[in-house]
Amino acid sequence: MSYQSGTDSDANRLAQTIGSNIQKITQYTAEIQRIVNQLGTPQDSAELRQQLLQKQQNANRLAKETDRYMKEFGSFLPTAEQRQRKIQKDRLVGDFSNALAAFQKIQRQAAQKEKEFVARVRASSRVSGGLPDDGGLLSYESESQPQAQVQDDAIREEDLVLIKERETSIRQLESDIIGINEIFKDLGMMVHEQGDTIDSIEANVENAEIHVQSAGQQLSRAADYQRKSRKKICILIVVLTVLAVVIGLIIWGTLKN
């Protein structure tokens, strides 16, 4: 989904999509919390952990998608209702940040439980160091001892598989946590840039008002000057008219005499 035409309707639809994604992330976080609370309990199972992995992947996908939409929303440069658009974006950033913070918190809890699980397996398994619990001193006191050793080896191999699976999960969780931190940085940059844009727009508006006021003052002065000029011209015309009449009378009197 992409909104490239930059109209107000596109911006509103994008804001609705962002809001919907935030709600979904919040819902996934609640479901992940429920599953994490069951880890290490009798309800823990491979199926439960698969559900956990799937929900974490979905939530991470939504987080990255929403981050991209937030950047796209910030690229809109409307000429009207800029303040309202900023309020809308600040609300979305706040809601998204809160949802991410809750999601990241439960990710850390999941990672911590996985680490505790690995520690318990290592402590209880004879593969912790590759030696049996008696320090490596094996005694073969019965005919059944070789068979018991084979069973121990099988158990150790199973523990190794579990440990590798959990360590892979831990690395993925830690990578996801870092990814959420990067999204937080993006949000911080968007808020900062949006603030600069608003300040710049308001400064331009103020400058425009100053220029309009200055132009008005200049027009007023020009009008005053024009009125004074017309008044001087009228006075000059009257003076010249009077002077012409006087001169005419003088000439008429001279010719008559």
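Everything here concerns the structure above.
Residue numbers restart at each chain and count upward from 1, following the sequence in its written direction. Confidence filtering applies because this is a predicted model: local features only for residues at pLDDT of at least 70, side-chain atom pairs given and counted only at 80 or more, and all residues used for totals across whole chains, interfaces and linings. Computation of side-chain values covers all heavy atoms of the structure but excludes hydrogens and water.

A. Inspection of the pattern of salt bridges at higher detail. Counted as salt bridges are all cases of a side-chain nitrogen of Lys or Arg within 4 Å of a carboxyl oxygen of Asp or Glu. What the rule picks out here adds up to twelve salt bridges. Between Glu 31 and Lys 55 there is a salt bridge, with the nearest N and O atoms lying 2.8 Å from each other. With Glu 31 in helix 1 (residues 8-38) and Lys 55 in helix 2 (residues 46-74), this pair connects stretches of sequence that are 24 residues apart. The exposure class of Glu 31 is partly exposed, given its relative accessible area of 21%. For Arg 49, the salt bridge is made with Asp 44, and the minimal N-O distance between the two is 2.7 Å. On the basis of relative accessibility, which here comes to 11%, the residue Arg 49 falls in the buried class. Here the residues in one salt-bridge network are Asp 44, Arg 49, Glu 114, Glu 165 and Arg 166, joined through shared partners. In this description a helix means any DSSP run of H or I spanning at least four residues, a strand means any run of E spanning at least two, and both kinds are numbered starting from the N terminus. The rule is simple: take the accessible area with a 1.4 Å probe, protein chains only, and divide by the maximum for that residue type; under 20% is buried, over 50% is exposed, in between is partly exposed.

B. Representation of the packing of aromatic side chains. What counts as a ring pair is set by centres within 6.5 Å for rings of Phe, Tyr and Trp (its six-membered ring), and what kind of pair is set by the plane angle: stacked under 30 degrees, edge-to-face over 60, tilted for all other angles. This model, assessed by the stated rule, comprises zero aromatic pairs. A ring is considered to have a charge above it if a Lys NZ or an Arg CZ atom is located within 6 Å of its centre and within 35 degrees of its normal. For Arg 49, the ring lying beneath its charged end belongs to Phe 117, and the centroid distance is 5.2 Å. Here the guanidinium or amino end of Arg 166 rests over the ring plane of Phe 117, the centre of that ring lying 4.7 Å away.

C. Just a nonpolar patch on the surface, in detail. In this scheme, patches are assembled from residues that exceed 30% relative accessible area and form no salt bridge. Like charges are connected within 9 Å, while nonpolar side chains (Val, Leu, Ile, Met, Phe, Trp, Tyr) are connected within 5 Å. Per-residue and other accessible areas were derived by the Shrake-Rupley procedure at a 1.4 Å probe size, with only the shown protein chains allowed to occlude residues. Where nonpolar side chains cluster on the molecular surface, the patch consists of Leu 236, Leu 240, Leu 243, Ile 247, Ile 251 and Leu 255 and spans about 600 Å² of accessible area. Looking at the secondary structure, you find Leu 236 in helix 4 (residues 145-256).

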